[in-house]
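Chain and residue survey
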Amino acid sequence: MDYLTLKWMHILSSTALMGTGLGIAFFMWMAHLSCDARNIAATARMVVIADAVFTAPAVVVQFVTGLWLAKLLHLPLGTFWIKTALILFVVSGACWLPVVWLQIKARDLARQAVIAGAPLSPVYRRVMRWWFWLGWPAFISVIAIFWLMVHKPLGV
């Protein structure tokens, strides 16, 4: 595979990762703010599917193409901006994986409330609090990775 095709795949997957991440966060949060269990259950159902169809493959493509590009360009993984991006990638993933589980949990809790005709439980609210706070370091990490990819600082 030639360099430009690989770079295009890397940029495209980063776009998919950022776009789906922001879209998922926005729609999930708006559904949550509605306090409508039916709306939350339906939105969370789509969010879980979107993560599986778009986000997860983009994560894999990002990682593989990033390593491949570094190899093609003979850049050591210990290069400051690459090493830092990889650390941030791990941080982001360490936050994202529980967020996916929390989205599934929120979907299930909202669905249970709809079936029971009951209000959303305190457990649902706790799940969404964790979802919210784990989303921030993941998002900030991805933004920082974008910055590193553009600026490629030499480090200290």
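Reading the values: rules and limits
Residues numbered from 1 in each chain as written. Predicted model: local features only at pLDDT ≥ 70, side-chain atom pairs only at ≥ 80, totals over all residues. Heavy atoms only, no water. Helix = DSSP H or I, 4+ residues; strand = E, 2+ residues; numbered from the N terminus. Buried < 20%, exposed > 50% of the residue type's maximum accessible area, 1.4 Å probe, protein only. Contact = heavy atoms within 4.5 Å. Areas by Shrake-Rupley, 256 points an atom, 1.4 Å probe, with all protein chains shown as cover. Lys, Arg positive; Asp, Glu negative; His and termini not counted. Charge placed at Lys NZ, Arg CZ, Asp CG, Glu CD. Patch = residues over 30% accessible without salt bridge, like charges linked within 9 Å, V, L, I, M, F, W, Y side chains within 5 Å. Salt bridge = Lys/Arg side-chain N within 4 Å of Asp/Glu carboxyl O. Expected span 1.5 Å × (residues − 1). Core = buried A, V, L, I, M, F, W, Y, C linked by side-chain atoms within 4.5 Å.

1. Considerations on the overall build of the protein
Looking only at helices and strands, the protein has four helices and zero strands in total. Element order for the protein, N to C, with α for helix and β for strand: α-α-α-α. Expressed along its principal axes, the backbone C-alpha trace of the protein runs to roughly 60 × 35 × 20 Å. The buried share of the protein, taken over its 156 residues, is 35%. Sequence separation of 24 or more characterises 76% of the internal contacts of the protein that already satisfy a separation of 6 or more. When the accessible area of the protein is evaluated, it comes to approximately 9400 Å², of which 76% is carbon and sulfur surface. Measuring between centres, the 12 positive side-chain charges of the protein sit 7 Å from its 4 negative side-chain charges.

2. Looking at a nonpolar patch on the surface
Together, Met 1, Tyr 3, Leu 4, Val 60, Phe 63, Val 64, Trp 68, Leu 72 and Leu 73 give the surface a local cluster of nonpolar side chains, amounting to about 830 Å² of exposed area. If you list the elements that add at least two residues to the nonpolar patch, you get helix H1 (3-34) and helix H2 (37-72). The dominant element in the nonpolar patch, judged by the number of residues it contributes, is H2, at five residues. Taking relative accessible area as the criterion, Trp 68 reaches 36% and is therefore assigned partly exposed.

3. A word on unusual backbone geometry
In this model, His 74 sits at a positive phi of 60 degrees, which is unusual for a non-glycine residue. A positive phi angle is found at Lys 152, which is not glycine, with a value near 45 degrees. In this fold, Lys 152 is placed in the segment after helix H4 (122-151).

4. Some words on H4
In an α-helix, one full turn covers 3.6 residues, which means residues spaced three or four apart are oriented alike. In this model, H4 (30 residues) spans 44 Å end to end at C-alpha, consistent with the 44 Å of a helix rising 1.5 Å per residue. Looking only at H4, the buried set comprises Tyr 124, Val 127, Met 128, Trp 131, Leu 134, Ala 138, Ser 141, Val 142, Ile 145 and Leu 148. In this structure, the buried residues of H4 make contact with H1, H2 and helix H3 (80-116). Phi turns positive, to about 45 degrees, at Lys 152, one or two residues after H4.

5. Points about the nonpolar core
Ranked by internal contacts, the top residues of the largest apolar core, which has 23 residues, are Met 28, Ile 40, Ala 106, Leu 120, Tyr 124, Met 128 and Trp 131. No other element matches the seven residues that H3 contributes to this core. If we ignore the near neighbours within four places in the chain, the residues touching Ile 40 are Ala 31, His 32, Ser 34, Cys 35, Ala 110, Leu 120 and Tyr 124. Ala 70, Trp 81, Ala 85 and Leu 148 belong to the second-largest nonpolar core, a separate cluster that totals seven residues.

6. Describing the environment of Ser 92
Residue position: Ser 92 is located in helix H3. Ser 92 sits 46 residues away from Ala 138 along the chain, and the two C-alpha atoms are 4.0 Å apart. Residues within four places of Ser 92 in sequence aside, it is in contact with Ala 138, Ser 141 and Val 142.

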